[in-house]
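Architecture at a glance
Single-letter residue listing:
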Amino acid sequence: MLVCPLDCWDICQMTKEGDKFIPYKGNITNGFLCNKLNNYFKYKKYNPKFNLDEVEALFKSTQSNRILYIKGSGNLGIMQNVVKLFFEKLGATFAIGSSCDGKGEEGIIKAIGDTPILSIEDIKQAKNIIIWGRNPYVTNTHLIPFLKDKKIITIDVRYTKTAKNSDVFYQIKPNTDIFLAKYLITKNKKYLEITGLDEVDELEEIIDNSIILLGLGVAKNEYGDKTTHTIYALNRPTAFLGNSMAGLNNPFKITPKNSMPLFEIEWDKIDLVFIQGANPLISLPNFKIPSNKKVIVFGKYLDETAKRANIFIPTKDFYAKNDIRSSYFHEFVYKNEAIQDDYGISEYKFTKEMYKRFNFEGLLEEKEYINIIYKPKREIKYSNEFIKFIDFDVKYKDDIYLVTAKNRTSLNSQFKVDRFIYMNDYEGQATLKTKVGSMEVEIKKDKTIPKNVVFAYSGSGINKIISSKGYNATYSEKVEVCKK
């Protein structure tokens with residue numbers, strides 16, 4: 001059985017017949033696959049010739065702590081993390097941080113110590129579900145069957161497909177989620193006014209008998225950690241993107257000797273960048289690699305970062321690798337069993353080869369790692385500890401904000417990317433300006449987008465003018481639109 005490696009809530013199971021995936025009819029997959037998997041083979045791998053002698057020579061000619069290791073989430077198989085063991089032994093510098101859920105996770109960990117999921121049974125048993133800053137009809141489609149016969153309230157900045165299929169929809173101003181949560185706790189009307197809502201009567205009626213499913217939308221701003229902390233202080237069973245390794249043994253957990261925040265790279269201390277499973281020139285906010293730095297990319301596609309690379313190492317596709325997947329949505333764990341060979345090199349074999357060339361010891365066999373990690377189902381431990389409300393001092397100013405979201409046909413910069421920008425009341429060419437830069441864009445009109453929002457899908461290139469600092473990315477930015 002194969003398991004989808006994509007950065008997605010669901011982790012579907014399937015078999016392969018020629019250039020087509022056949023969905024497994026049981027478990028979460030339930031007999032259907034997403035647009036990305038149904039069109040997977042339309043997007044060809046980049047398979048150039050590669051020579052590990054050149055990679056070895058670059059490593060050995062570069063001072064170890066001046067090698068920067070960046071690990072992305074282009075493939076979320078757990079075995080992909082084995083590469084970290086080599087770079088830790090080498091003494092490389094790790095770029096630490098998250099381009100995704102790190103800001104929201106930070107607040108949840110401060111509140112309850114971890115980021116637990118809710119079990120599928122919890123979702124099945126719930127009578128009322130609040131979907132907040134999340135669009136499962138696009139990003140988490142295998143959740144949809146579990147929403148049947150429940151009252152669904154959606155809270156979001158824009159009118160999504162999930163909003164359309166909900167019983168009640170509350171459309172709030174961008175970055176005001178924290179104020180809605182404050183209102184629900186304190187009943188202070190000044191907080192509700194900031195969100196742009198006049199009332200939330202139906203939300204108030206069911207909140208004490210609901211579960212809350214949170215998405216990245218609540219935590220994409222600079223106070224996203226405070227937002228998630230405040231929402232958890234509603235003291236309802238709540239799930240953000242959960243810790244997918246919780247309940248599993250993790251033989252790849254390390255504490256790097258050398259590290260830098262992902263969004264504060266000190267480039268004067270770096271000579272060589274090794275990028276695994278990532279396209280940071282598009283996917284990370286305002287990320288640039290100086291022209292005098294050498295770059296090795298270990299990946300699959302000829303994307304923007306791969307084009308910048310001095311050396312490209314093609315990885316084998318997921319159906320040619322043994323791996324394990326766990327989910328940040330549900331508790332089930334699946335093995336991926338290789339069914340055919342593929343050009344390139346797997347992450348495990350690359351690591352094994354580098355251990356050999358550097359005379360490193362301690363690497364286990366691939367099967368041993370899989371046996372250490374795998375169990376069919378993780379035990380869910382959700383804390384019932386009461387979370388005290390903290391009235392964080394957060395200032396909000398009405399402005400035009402840039403808002404981003406996932407798209408049905410793409411996954412960040414992979415697959416069919418929509419590069420248009422969307423606004424409520426304008427169509428045509430424009431220049432978007434933020435505090436970190438500007439870019440020329442083509443805007444399409446979309447009446448579902450609020451008038452104070454400039455909307456873009458992830459992978460569109462908009463991240464070039466978004467700022468982030470420290471360890472965790474934020475994606476909401478005040479923006480000026482110069483129409484042409």
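These notes cover the structure that comes with them. (Residues numbered from 1 in each chain as written. Predicted model: local features only at pLDDT ≥ 70, side-chain atom pairs only at ≥ 80, totals over all residues. Heavy atoms only, no water.)

Let's talk about the nonpolar core
Among the nonpolar cores identified, the biggest contains 61 residues, and I129, W132, L180, L184, V200, L203 and F240 are the most heavily contacted of them. Per element, the largest residue contribution to this core is 6 residues, and it comes from helix α8 (residues 177-186). Those residues within four positions of L184 in sequence are excluded, and the remaining contacts are W132, V200, L203, E204, I207 and L234. Listed in part, the 38 residues of the second largest apolar core include V273, F312, Y426 and V454. (Core = buried A, V, L, I, M, F, W, Y, C linked by side-chain atoms within 4.5 Å. Buried < 20%, exposed > 50% of the residue type's maximum accessible area, 1.4 Å probe, protein only. Helix = DSSP H or I, 4+ residues; strand = E, 2+ residues; numbered from the N terminus. Contact = heavy atoms within 4.5 Å.)

Observations concerning empty space enclosed by the protein
Under the definition given, this model contains 4 cavities of 30 Å³ or more. In this model, the largest cavity occupies a volume close to 660 Å³. For the largest cavity, the lining is made up of 43 residues, of which G133, T139, L216, A405 and K406 are closest to its centre. Secondary-structure elements contributing two or more residues to the lining of the largest cavity are α6 (136-139) and β17 (401-405). Across the lining of the largest cavity, the residue classes break down as 20 nonpolar, 14 polar and 9 charged. Here the second largest cavity defines a volume of roughly 50 Å³. Lining the second largest cavity, in full, are V3, P5, N75, G77, Q80, F318, K321, D323, R325 and N336. (1 Å grid on protein atoms, 1.4 Å probe; cavity = no way out; pocket = protein on both sides within 12 Å on 5 of 7 lines; lining within 4 Å. Points joined across faces, edges and corners; volume = space filled by probe spheres on them. Nonpolar A, V, L, I, M, F, W, Y, C, P; charged D, E, K, R; others polar.)

Observations concerning the packing of α8 against helix α11 (residues 224-232)
Viewed as axis vectors pointing N to C, α8 and α11 meet at an angle of 25°, and their least axial separation amounts to 9 Å. When the axes of α8 and α11 are compared, the pair comes out roughly parallel. For the crossing formed where α8 meets α11, the hand is left-handed. Facing α8, whose interface residues are D177, I178, A181, K182 and I185, α11 presents K226, T227, T230 and I231. Residue composition of the contact of α8 with α11, by class: 4 nonpolar, 2 polar and 3 charged. (Axes fitted to C-alpha atoms, helices over the stretch in contact; angles between N-to-C directions. Parallel < 35°, antiparallel > 145°, perpendicular 65-115°, else oblique. Left-handed = near helix turned anticlockwise from the far one by under 90°.)

Quick look at a negative patch on the surface
Residues D198, E199, D201 and E205 make up a contiguous surface patch of negative charge. With respect to the helices, strands and loops of the structure, E199 is situated in the loop between α9 (189-195) and α10 (201-206). With a relative accessible area of 37%, E199 lands in the partly exposed category. (Patch = residues over 30% accessible without salt bridge, like charges linked within 9 Å, V, L, I, M, F, W, Y side chains within 5 Å. Areas by Shrake-Rupley, 256 points an atom, 1.4 Å probe, with all protein chains shown as cover. Salt bridge = Lys/Arg side-chain N within 4 Å of Asp/Glu carboxyl O. Lys, Arg positive; Asp, Glu negative; His and termini not counted. Charge placed at Lys NZ, Arg CZ, Asp CG, Glu CD.)

Thoughts on the packing of aromatic side chains
Evaluation of the coordinates by the stated rule reveals 38 aromatic pairs. Centre to centre, the rings of W267 and F287 are 6.1 Å apart; their planes meet at 70°, and the pair counts as edge-to-face. Remark: F287 occurs in the loop between α12 (280-283) and β13 (294-299) and W267 occurs in the loop between β11 (258-261) and β12 (272-276); sequence separation between them is 20 residues. When sorted by exposure, W267 lands in the same class as F287, which is buried. Aromatic side chains F274 and F350 sit 5.7 Å apart centroid to centroid with 25° between the ring planes, which places their arrangement in the stacked category. (Phe/Tyr/Trp six-rings, centres within 6.5 Å; stacked < 30°, edge-to-face > 60°.)

Some thoughts on the pattern of salt bridges
Enumeration over the complete set of coordinates arrives at 20 salt bridges. Of the charged contacts in the structure, one is a salt bridge between E88 and K257, with a shortest N-O distance of 3.4 Å. You can see E88 sitting in helix α3 (residues 83-90) and its partner K257 sitting in the loop between β10 (238-239) and β11, a full 169 residues away along the chain. Note on E88: relative accessible area 14%, which makes it buried. With a shortest N-O distance of 2.8 Å, D391 and K182 are connected by a salt bridge. Residue D391 is found in the loop between α15 (366-373) and β17, and its partner K182 is found in helix α8; the two are separated by 209 residues along the sequence. Via salt bridges that share partners, D53, E56, K60, E353 and R357 belong to a single interconnected network.

Geometry only, nothing functional implied.
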